[in-house]
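Descriptive analysis of the structure
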Amino acid sequence: QAQDPDPSQQPDPGQPQAQTQQPQEDLFAQLPQTFVFSSGAGAWGTGLTLAADGSFSGEYHDSDMGDSGDDYPDGTVYLCNFSGKFTDIKQLDDHSYSLTLEELSSDYEQGKEWVEDGVRYVSSEPYGVEQGKNFILYLPDTPTDGLDEEFLSWWPGQYQEEKTGTLDFYGLYNVDKGYGFFG
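Residues numbered from 1 in each chain as written. Predicted model: local features only at pLDDT ≥ 70, side-chain atom pairs only at ≥ 80, totals over all residues. Heavy atoms only, no water.

1. A few points about the environment of Val119
- Relative to the assigned elements, Val119 resides in strand β7 (residues 119–123).
- A relative accessible area of 12% places Val119 in the buried class.
- Residues Val119 and Asp67 lie 52 residues apart in sequence; the distance between their C-alpha atoms is 9.8 Å.
- Beyond its immediate sequence surroundings of up to four residues, Val119 is in contact with Tyr72, Asp74, Gly75, Val77 and Trp114. (Helix = DSSP H or I, 4+ residues; strand = E, 2+ residues; numbered from the N terminus. Buried < 20%, exposed > 50% of the residue type's maximum accessible area, 1.4 Å probe, protein only. Contact = heavy atoms within 4.5 Å.)

Written out as structure tokens, the structure reads:
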């Protein structure tokens, strides 16, 4: 004879079920492909392109056309091509996730110089990502109240006449350096 299951062992249909953590591939697949770190002034910036598995590639560049010489009359460009991977994705709250920078490598040794087509190139560090291990990913509509002021100082929306009180973009915060990428 079949027994009725013990009702204490069955989920209560009136109670919300615990949500399973979203796999990192799903999170990264939702994100914009490119994040940018720049002050909005000057001729420098770092672009970071994310893949669905948390890996990324990027480029930092800074042009100083006033830094010229006989061999490089068209100035100096500091640059870095780099790649890496974010791992250990953990949801912090409804608007943010912590990420750990697991890998970071550059194409050239820092300080290498060469001249090409009248421009001196100097390999640099991956500005914005360097010396960072702990990152926070903020989703659009994250309330800005309570976010780190140093992070917000890089936010393009800080100059809006009518502030909405939330981020307009995805934000990637290098916690260790205080830098902000937006996409």
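2. Observations regarding the pattern of salt bridges
- Applying the stated rule across the entire model yields 3 salt bridges.
- A salt bridge links Lys90 to Asp88, with the shortest nitrogen-to-oxygen separation between them at 3.4 Å.
- For Lys90, a relative accessible area of 42% gives the class partly exposed.
- One salt bridge connects Arg120 with Glu113, and the closest N-O pair in it is separated by 3.3 Å.
- Salt bridges sharing partners connect three or more residues here, namely Asp67, Glu113 and Arg120. (Salt bridge = Lys/Arg side-chain N within 4 Å of Asp/Glu carboxyl O.)

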